[in-house]
Amino acid sequence: MISFIYHSSPDCDQSNSNASAQLSTIPPYYLLVPYHEFAMRTSISCRSYKLAEPKKDLSKFHPRHSQHLRGSFVLVTPYSNITFDDIDNFYQKTLPMNTNNKTKPLQTPFATNVTFENIPYEYKNGLWHPVGVISAQRTAILIPLQGRDFNAKAFIFNIHAFARRQLLTYTVLLAEQIHPRSDRFNKGRLLNAGVRYIENQKSLNITCLILHDVDLIPENDGNYYVCEPTHPKHTTVRVRQIGSKRGYSRYYEFLIGGVLLLTPDMYRQVNGFSNLYWGWGGEDDDLSLRMIQRRVCVVRPVDAVTVYAALPHPHGHRNDARFNLLAWSTVRMDGDG
């Protein structure tokens, strides 16, 4: 296989290699990918773009102005007996009633040493709203899921506290695969279904989508969970495995998996994810190729804040067909998404 993106434009340099490509039966917009080489050598970063830093405006409040930011976010790993009802009761009853938790950690039947702050919030019309603040965006945190029940509970227990430090207006939605019941997880199809559901809930009026792996917990509240106005934002730059001594790992610049923030319009621009990736691997890089084809680049915050802890979890079945699917990603993108 050969590796280059080809466009049949009259302005392109008519080299011998382009001439031979024009004589082939390959469609005029395509990417043939030797996966490892292309991914390792290709950057999808917007090099010259500076992240938006709006001035303080209570009518369109940006997380960077929150008085609750503390820098490091210390995650709480709950006991395995925690339930979704426990989480609801904690944020609706237990935490609001505890006015001294800044100095005295909470002890609960499902977690100890809980130091989450009581930040006034109310739930109405499907969203959590900070009391007295109008957030700049209305955010949906969307998590694709198959099994991984404890990871989902641990994530939700922590992400509520994280989002409230930034005074987000938000909702947390799980898109769970219940059929087929196998280890063939289809992350892209779940995210497409989740975004379609969000779009159909007109009353939510979501303006920012956060596509979030269930095992990743942010560790710095300076990692603002807010969409940029003109580019998708990827925040999973450094990740450490809980319980490992290896420290943080960095990933290749072509990667946009883990945590990706973008507006609904940006999602539609690339026609979302492919629906064809059954099993682990490939769907995120397929989305990267779609972005390259649509002339979309991604932005990333500084390394100091883009840090995550990864919860332990079993690994799913690897998708052995991913290389063949990636080879023709941009040919399928208009009809597969």
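Bear in mind the structure is a predicted one, so any value in this text is a computation, not a measurement.

1. Considering the pattern of salt bridges
- For the structure on display, the rule yields 19 salt bridges.
- In this structure, the salt-bridge partner of Glu199 is Arg268, at a minimum N-O distance of 2.4 Å. Pair noted here: Glu199 is in helix α5 (residues 187-200) and Arg268 is in helix α6 (residues 264-269), with a separation of 69 residues, a long-range link.
- Linking Arg240 and Glu219 is a salt bridge whose minimum nitrogen-to-oxygen distance equals 2.7 Å. Taken together, the positions of Arg240 in strand β12 (residues 238-241) and Glu219 in the loop between β10 (216-218) and β11 (233-234) put the pair 21 residues apart, joining distant regions of the chain.
- Through salt bridges that share partners, Asp286, Arg290, Arg332 and Asp336 make up one connected network.

2. Some thoughts on the environment of Phe150
- Within the secondary structure, Phe150 is located in helix α4 (residues 149-165).
- Classification of Phe150 as partly exposed rests on a relative accessible area of 31%.
- C-alpha of Phe150 to C-alpha of Leu311: the two residues are 161 residues apart in sequence and 9.7 Å apart in space.

3. Things to note about the packing of helix α3 (residues 84-97) against α4
- In contact at an axis separation of 10 Å, α3 and α4 are set at 15 degrees when each is read in the N-to-C sense. Taken together, the axes of α3 and α4 are roughly parallel relative to one another. The handedness of the crossing between α3 and α4 comes out as right-handed. Taken together, the residues of α4 that come into contact with α3 (itself represented by Phe84, Ile87, Phe90 and Tyr91) are Asp149, Ala152, Lys153, Ile156, Phe157, His160, Ala161 and Arg164.
- Among the residues making up the contact of α3 with α4, the classes are represented as eight nonpolar, one polar and three charged.

4. Some words on the packing of aromatic side chains
- In the structure shown here, the tally under the stated rule is 12 aromatic pairs.
- Taking 5.9 Å as the distance between ring centres and 10 degrees as the angle between the ring planes, the aromatic pair formed by Phe73 and Phe116 counts as stacked. Residue Phe73 is located in the loop between α2 (35-41) and α3, and its partner Phe116 is located in the loop between β4 (111-114) and β5 (121-124); the two are separated by 43 residues in the primary sequence.
- By relative accessible area, which is 2% here, Phe73 ends up buried.
- By relative accessible area, Phe116 is classed as buried at 3%.
- Ring geometry for Phe116 against Phe157: centres 5.5 Å apart, planes inclined by 55 degrees, an arrangement best described as tilted. Taken together, the residues span a long stretch of sequence, with Phe116 in the loop between β4 and β5 and Phe157 in helix α4 at a distance of 41 residues. Phe157 matches Phe116 in its accessibility class, with the two residues each being buried.
- By way of ring pairs, the aromatic residues Phe73, Phe90, Tyr91, Phe110, Phe116, Phe157, Phe162 and Tyr225 are connected into one cluster.
- Note that Arg164 overlies the ring of Trp128, its terminal NZ or CZ placed 4.6 Å from the centroid.

5. Things to note about the state of the cysteines
- Inspection of every chain in the model, using the stated rule, returns two disulfides.
- A sulfur-sulfur distance of 1.9 Å marks the disulfide that ties Cys46 to Cys297. Classification of the bridge connecting Cys46 and Cys297 rests on its S-S torsion, roughly 110 degrees, and on that basis the disulfide is right-handed. Taken as a pair, Cys46 in the loop between α2 and α3 and Cys297 in the loop between α7 (283-293) and β15 (307-310) lie far apart in primary sequence, 251 residues in all.
- With relative accessibility at 13%, the residue Cys46 sits in the buried group.
- Two residues share a disulfide in this structure: Cys208 and Cys227, whose sulfurs sit 2.1 Å from each other. Taking the torsion about the sulfur-sulfur bond, which here is approximately 80 degrees, the covalent link between Cys208 and Cys227 counts as right-handed. Of the two residues, Cys208 is situated in strand β9 (residues 208-212) and Cys227 in the loop between β10 and β11; the sequence distance between them amounts to 19 residues. Of the two residues, Cys208 and Cys227, both sit in the buried class.

6. Observations concerning α5
- If you check α5, its first and last C-alpha atoms are 20 Å apart, about what 14 residues at 1.5 Å a residue would give, namely 20 Å.
- Within the sequence span of α5, burial applies to Lys187, Gly188, Leu190, Leu191, Asn192, Gly194, Val195 and Ile198.
- Among the structural elements, β7 (138-145), β8 (169-176), β9, α6 and α7 are those in contact with the buried residues of α5.

7. Looking at the environment of Arg238
- Within the secondary structure, Arg238 sits in strand β12.
- The spacing of Arg238 and Ala304 is 66 residues in sequence and 9.0 Å in space, taken between C-alpha atoms.
- Excluding its chain neighbours within four sequence positions, the residues that come into contact with Arg238 are Tyr248, Ser249, Arg250, Asp303, Ala304, Thr306, Val307 and Tyr308.

8. Section: the sheet that holds strand β13 (residues 248-250)
- The four strands lie next to each other as β10-β15-β12-β13, forming an open sheet whose pairing is mixed. Single-partner strands in this sheet number two, and they are β10 and β13. Taking the axes of each pair of neighbouring strands and ignoring which way they run, one obtains an average angle of 35 degrees across the sheet.
- With four bridges connecting them, β12 and β15 associate as parallel partners. Among the inter-strand pairings, Arg240 is bridged to a residue of β15, identified as Ala309.

Basis of the calculations
- Residues numbered from 1 in each chain as written.
- Predicted model: local features only at pLDDT ≥ 70, side-chain atom pairs only at ≥ 80, totals over all residues.
- Heavy atoms only, no water.
- Salt bridge = Lys/Arg side-chain N within 4 Å of Asp/Glu carboxyl O.
- Helix = DSSP H or I, 4+ residues; strand = E, 2+ residues; numbered from the N terminus.
- Buried < 20%, exposed > 50% of the residue type's maximum accessible area, 1.4 Å probe, protein only.
- Axes fitted to C-alpha atoms, helices over the stretch in contact; angles between N-to-C directions.
- Parallel < 35°, antiparallel > 145°, perpendicular 65-115°, else oblique.
- Left-handed = near helix turned anticlockwise from the far one by under 90°.
- Contact = heavy atoms within 4.5 Å.
- Nonpolar A, V, L, I, M, F, W, Y, C, P; charged D, E, K, R; others polar.
- Phe/Tyr/Trp six-rings, centres within 6.5 Å; stacked < 30°, edge-to-face > 60°.
- Lys NZ or Arg CZ within 6 Å of the ring centre and 35° of its normal.
- Disulfide = S-S within 2.5 Å.
- Expected span 1.5 Å × (residues − 1).
- Pairing = 2+ DSSP bridges.

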